[in-house]
Structure formats: C-alpha cells, structure tokens
Amino acid sequence: MSDLPPYDDSDRPEPLDPFDELVAEETDRDPDLAVIEAGSRTLRTQGGPPQADVPARPEDPEVDRALREVEAELATRWGETKLEPSVARIAALMDVLGEPQRSYPSIHITGTNGKTSTARMIEALLGAFDLRTGRYTSPHVQSVTERISLDGAPITPERFIETYRDVKPYVEMVDGSQEYRLSFFEVLTGMAYAAFADAPVDVAVVEVGMGGSWDATNVIDGDVAVVTPIGLDHTDRLGGTPAAIAGEKSGIIKRGATVVLAQQPVDAAQVLLRKAVEENATVAREGLEFGVVARQVAVGGQLLTLRGLGGEYAEVYLPLHGAHQAHNAAVALAAVEAFFGVGAQHTQPLALDTVRRAFAAVTSPGRLEVVRRSPTVVLDAAHNPAGAEATAEAVREAFDFSRLIGVVGASADKDVRGLLEAFEPIFAEVVVTQNTSHRAMDADALAAVAVEVFGEDRVQVEPRLPEALEAAITLAEEEGEFAGGGVLVTGSVITVGEARLLLGKG
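Numbering of residues starts from 1 in each chain and follows the order in which that chain's sequence is written. Two thresholds apply to this predicted model, a pLDDT of at least 70 for residue-level local features and 80 or more for giving and counting side-chain atom pairs, whereas whole-chain, interface and lining totals are computed over all residues. In computing side-chain values, all of the structure's heavy atoms are included and hydrogens and water are not.

**Describing the overall build of the chain**
Secondary structure elements are defined from DSSP: runs of H or I of at least 4 residues count as helices, runs of E of at least 2 residues count as strands, and each element is numbered from the N terminus. The helix and strand inventory of the chain stands at 17 helices and 18 strands. Of the roughly 20800 Å² that the chain leaves accessible, carbon and sulfur atoms contribute 49%. Accessible areas in this description were obtained via Shrake-Rupley with a 1.4 Å probe; residue shielding takes into account the shown protein chains only.

Below you can see the structure in the form of structure tokens.
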C-alpha cells in the first residue's frame, strides 16, 4: 500500500496508450530533429511468401559444371571489397541492356544492419498480396544464386546461367569502353535487373551492397527508400561517424519518393531528414509514424503488435528471434504500406489476415537459425559490434542456455574487438577459427584479440572450421545431455554459410 495521501486527479490527462508512449519517448529523445522535421512531410496514418531456403549445389552434373564455370568467370573480377566509387560502369551496362531497371517499380533498402531480413519480410508481404516479386540481396550464405530471387525463391541454377550468358556480351562491351572492368557485384546487379525485367516482376526489392550514393544498385529510382539502423561499419569507405555514413546512404532517396526510417542515431537522422527535405520526399519514422507497440516471446519466434501507417496490426507471429527482428518487421510493414499508398493516398490498412500470413512464413537463413539440437547449434551472421549486441540480447531472451560456447570466424577488415566484446557476457568459452575466404582474419591473430577480451583460459584456437565446430560441440556437451549447453556460430556470413554446409543444411 502507498503512504502517499489521496489526491484529486480530475485534471489529470488521459493515460497514453502504448504507441502514444512510444511517440512521446521518441519525441523527447530527439529534440534536435524538430527543425528538420518541420520541413519534411510525414505519413501520419496507407505471389506468395518465400517458399525456399538456401539452395544446394545442382544435382545435374552438367548444370553444376556450367554454374561453376560462371562462378569462376565472375571470380576473375573485382571482389565486393574492391571498389571504385562510381555508378558510371553499371549505368553504361543498363544503357546497352535497354534500361531493364526502369520496367518495374522498386523498393530500395540501405542501412548497416538488418537489410536482408527486412528485404525478405517486404518480399513476403508483397507476395502475400499477389504481386510478383524480384529480390536482390547480398552477400549470399551458401550459393551465389541466392542473391537473385523471383516469387520468394532463389532463381534456379539454369536460369542463373542463362541470365549470365544473356548479359555477358553486353558486359564485355562495357568492359572495353571503361577504365575498369565491371566488378563482380556490378555484373550480378545487372543480371538481377535483367532477370526481373525478363520475368517480369511487379516490384523489385533491392538491397544495396555498400553505402548508397555510388552503390551499383543505385541506378534505380526506388518508389520507397528504406533505411535500416545505421552504425559504424565499412568506415574506411563510408566515413567514421553515423552522420558521415548516413550521408552516403541517403543517396538512395530520390525525388518525390517515400522514405521509411528505422530508429537512427540523432546525427544520422538529421542527415537523412535533410536529404528528404531536399528531394521533397515523404517521411515515415519509426517511433513516430509507425513502430512496435508490443512483443512477447513465443515458441520459435515472437508475437507482435505493430503500429503501421494505416493503424494497428495485432497478434502478428514472426518466426524470428530478437527485438531487432521485431523492429525490422515494423519497418517492412511500413515500407509495404507506403508502396500501396497507405497514408498518402488513403488510410485503409492492409488486410490483417494477409499480413499475419505473410509474416508467419518469413525465413532468414543464418539469422539466429537453429540447425541442430542436443546440443543446440545456432547460426548468426553478425559481423559488426551493433549486430553482435543485437544478437547477444536476442540469445539471452530466446534461449535458455546454461552454457553457451561461441565459434567465431571474422573478416580481417572488421572491428573484431568490438564484436568479441559484445559476445563476451554470453559466451562461457569461445573457439576462434577462420573461414576459407581470402578476407578471413587469421585464427591466431583473432585469438590474440580474443585472449585480451575473454582471458586465456576461455579461448581455444582451431584454425579449421570443422575442428572448431567439433570442439565447441564437445565443450557444450560437457554440461550433460539435459543441461542446456549450446553453440553459437557467428562473426561472418561466410563462416555461417560454411558451418551451415558442414552441419548438413543445403
């Protein structure tokens, strides 16, 4: 019982509902954005789901041989980490291909973390509303064909090969006219845009490779531009502050588009909103125009109540773990609402049953994906500190591990100390390793950093991933069959993809 005296509450304002509280909290948090927001217009109110997981190698030997030949040819080009910041080459390719990217509307996605999961959710929603979709995402987990999807499934190896052969003469034509040959990523982008036009698709969902302004994907004019949370990654290319990185990523915001913003650091939000004002773009902001009203852990995922641009969507089951995935879902829903004109042309919300059905079918391989039981082995592609923090929090919430062993293989160009520090509180021990990519950090060098973070007695080194997995599973099993030990494999999409194959997925 309270010892406070009774009081007259006749003048007390009505209590805020959960979303109003979210709005009030967000408004208080970002007062510095008021001037910029005053200059921007905001949205205040308006196929089928993915059907396939990660594809395996083709069963037909001839098709597999042909696909390997294509992969080998693509591998002779600049890799995804070697860039010459320009869209001149991809624009030239689009020109000789007849501008295929202009033949369908598109939703363009940038940000630091959550892009692929958000793209998959957007694709599922659009497909559930009977639109034919094309999705272009990167990097791939196991097969390069994952990057180009039609109707919610990766294109077949046969179609991938055919598309490559169709564009190859034009690629070679552009190669001969430019200072540098088209890169691996530029060729794949051209293939995706050509495949979408050939399908044809009703809408393309396109994830940037890096940045935005000079990214190869940025020869489209997205009807909706989505910016997932911005953090520090690729700082050598994009800048050392969230504001600088936001400046590059804001390049996907085109004249008259709708911009859907996940919650951002204040300095990044300022840059993005200023760009929206310059382009006369309509803005929808998480925490103000849309957001997560409520969420609770459920078997295999979580149950959400989302506030969209057209109203509230209750009891939405999402079979993915973590608060970050709930926020990705809110962003995806707002993006699809914006694409359908909710809030701008009408206030009719999307059909709730269709929204529920779409989210319930979402998959995101390599994102807190359980691939084995007894002990439980979970894969997550977190590769920077912000992603690792989100993963660590989701593991605490969704899994009841009595002892969690980490398997970490990272790329040499990442903030590995920040990554390891984010995981230190949840890992009892860590097995450091390396994947087969030329970008992989040497296992001994990674171990040196890990010892500084975890202490020598909590670090084991296994340079080869198969031995690292075996060691981690053995350590987890020391808890006993029913004790709840587990393994989390993380640090890189490549590490996760290779572990996925070793553990029998795909």
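Back to the text.
**What about the packing of aromatic side chains?**
Between rings of Phe, Tyr and Trp, where Trp is taken as its six-membered ring, a pair exists when centres lie within 6.5 Å; planes separated by under 30 degrees are stacked, by over 60 edge-to-face, and by other angles tilted. If you walk through the whole model with that rule in mind, you get eight aromatic pairs. A centroid spacing of 5.3 Å and a plane angle of 5° characterise the contact between F399 and F401, whose relative ring orientation is stacked. Buried residues are those whose accessible area, probed at 1.4 Å on protein chains only, stays under 20% of the maximum for their type, while exposed residues exceed 50% and partly exposed ones sit between those limits. You can call F399 buried: its relative accessible area is 14%. Measuring from ring centre to ring centre gives 5.1 Å for F423 and F427, while their planes differ by 10°; the resulting arrangement is stacked. We classify F427 as buried; its relative accessible area is 2%. Taken together through their ring pairs, the aromatic side chains of F129, F339 and F340 make up a single cluster.

**Description of the layout of surface pockets**
A volume near 380 Å³ is recorded for the second largest pocket. Here the term cavity refers to a set of points on a 1 Å grid, laid over the protein atoms alone, in which a 1.4 Å probe fits but cannot get out; the term pocket refers to an open set having protein on both sides within 12 Å along at least five of seven lines, with lining residues being those that place an atom within 4 Å of a point. If you trace the second largest pocket, you find 22 residues lining it, with G300, H321, L368, E369 and V370 closest to the centre. Lys, Arg, Asp and Glu make up the charged group, whereas Ala, Val, Leu, Ile, Met, Phe, Trp, Tyr, Cys and Pro make up the nonpolar group; the residues left over, Gly among them, are polar. Across the lining of the second largest pocket, the residue classes break down as nine nonpolar, seven polar and six charged. Grid points are joined across faces, edges and corners, and a volume is the space filled by probe spheres set on the points.

**Concerning the sheet that holds strand 11 (residues 301-308)**
Here a strand pair is declared whenever DSSP counts at least two bridges between the two strands. With respect to topology, three strands assemble into an open sheet ordered 10-11-12, the strand pairing being antiparallel. One side of each edge strand has no neighbouring strand; the edge strands of this open sheet are strand 10 (291-298) and strand 12 (311-318). Averaged over neighbouring strand pairs, the angle between their axes works out to 15° when direction is ignored. With axes taken as lines fitted to C-alpha atoms, and helix axes fitted only over the stretch in contact, angles between N-to-C directions fall between 0 and 180 degrees.

**A word on the nonpolar core**
One finds I122, V226, V260 and F359 to be the most contacted residues of the largest nonpolar core, which totals 42 residues. If you list the elements that add at least two residues to this core, you get strand 2 (106-110), helix 5 (115-128), strand 6 (203-207), strand 7 (224-227), strand 11, strand 12, helix 11 (323-339) and helix 12 (352-360). By residue number, the principal contributor to this core is helix 11, which donates 10 residues. The contact criterion used is simple: two residues touch if any of their non-hydrogen atoms lie within 4.5 Å. The residues touching V260, leaving out its near neighbours within four places in the chain, are V224, A225, V226, V227, A284, F290, V331, A334, A335 and A338. Only buried residues count toward a nonpolar core. Its members are Ala, Val, Leu, Ile, Met, Phe, Trp, Tyr and Cys residues joined through side-chain atoms within 4.5 Å. Formed by 38 residues, the second largest nonpolar core is a distinct cluster that contains A66, Y136, I155 and F196.

**Some points on empty space enclosed by the protein**
The space that makes up the largest cavity amounts to roughly 110 Å³. T116, R120, T137, P139 and E146 are, among the 13 residues lining the largest cavity, the residues nearest its centre. Here the residues of the lining of the largest cavity sort into four nonpolar, four polar and five charged. Estimated volume of the second largest cavity: approximately 30 Å³. In terms of lining residues, the second largest cavity is bounded by R295, V297, G301, Q302, L320, H321, G322, E397 and A398.

**A closer look at the sheet that holds strand 18 (residues 485-490)**
One open sheet holds the six strands; their spatial order is 13-14-18-15-16-17, and the pairing between them is mixed. Each edge of the sheet is formed by a strand with only one pairing partner; in this case those strands are strand 13 (369-372) and strand 17 (459-464). Within this sheet the neighbouring strands show an average axis-to-axis angle of 25°, counted without direction. Of the pairings in the sheet, the one linking strand 16 (residues 429-434) to strand 17 comprises four bridges and is parallel in character. Across the sheet, Q434 pairs through a bridge with R464, a residue of strand 17. The sheet strands contacting helix 17 (residues 493-502) are strand 13, strand 14 (376-379) and strand 18, and the helix crosses strand 18 at an angle near 125°.

**Considering the pattern of salt bridges**
Put simply, a salt bridge is a Lys or Arg side-chain nitrogen that is within 4 Å of an Asp or Glu carboxyl oxygen. If you walk through the whole model with that rule in mind, you get 30 salt bridges. We note a salt bridge from K168 to E73, for which the minimum N-O separation is 3.2 Å. Separated by 95 residues along the polypeptide, K168 in helix 6 (residues 157-177) and E73 in helix 3 (residues 61-75) bring together distant segments of the chain. Overall, the relative accessible area of 29% leaves K168 in the partly exposed class. Judged by relative accessible area, which is 30%, E73 ranks as partly exposed. The network of salt bridges with shared partners includes R57, D64, R68 and E71.

**Describing the pairing of strand 11**
The buried fraction of strand 11 is high, at six of eight residues. Two elements, strand 10 and strand 11, share seven bridges in a ladder whose sense is antiparallel. Pairing of A298 across the sheet is with G301, part of strand 11. Taking the residues between adjacent antiparallel strands as the criterion, strand 10 and strand 11 are bridged by two residues, where G300 takes a positive phi near 80°. Where strand 11 meets strand 12, six bridges bridge the pair, whose relative direction is antiparallel.

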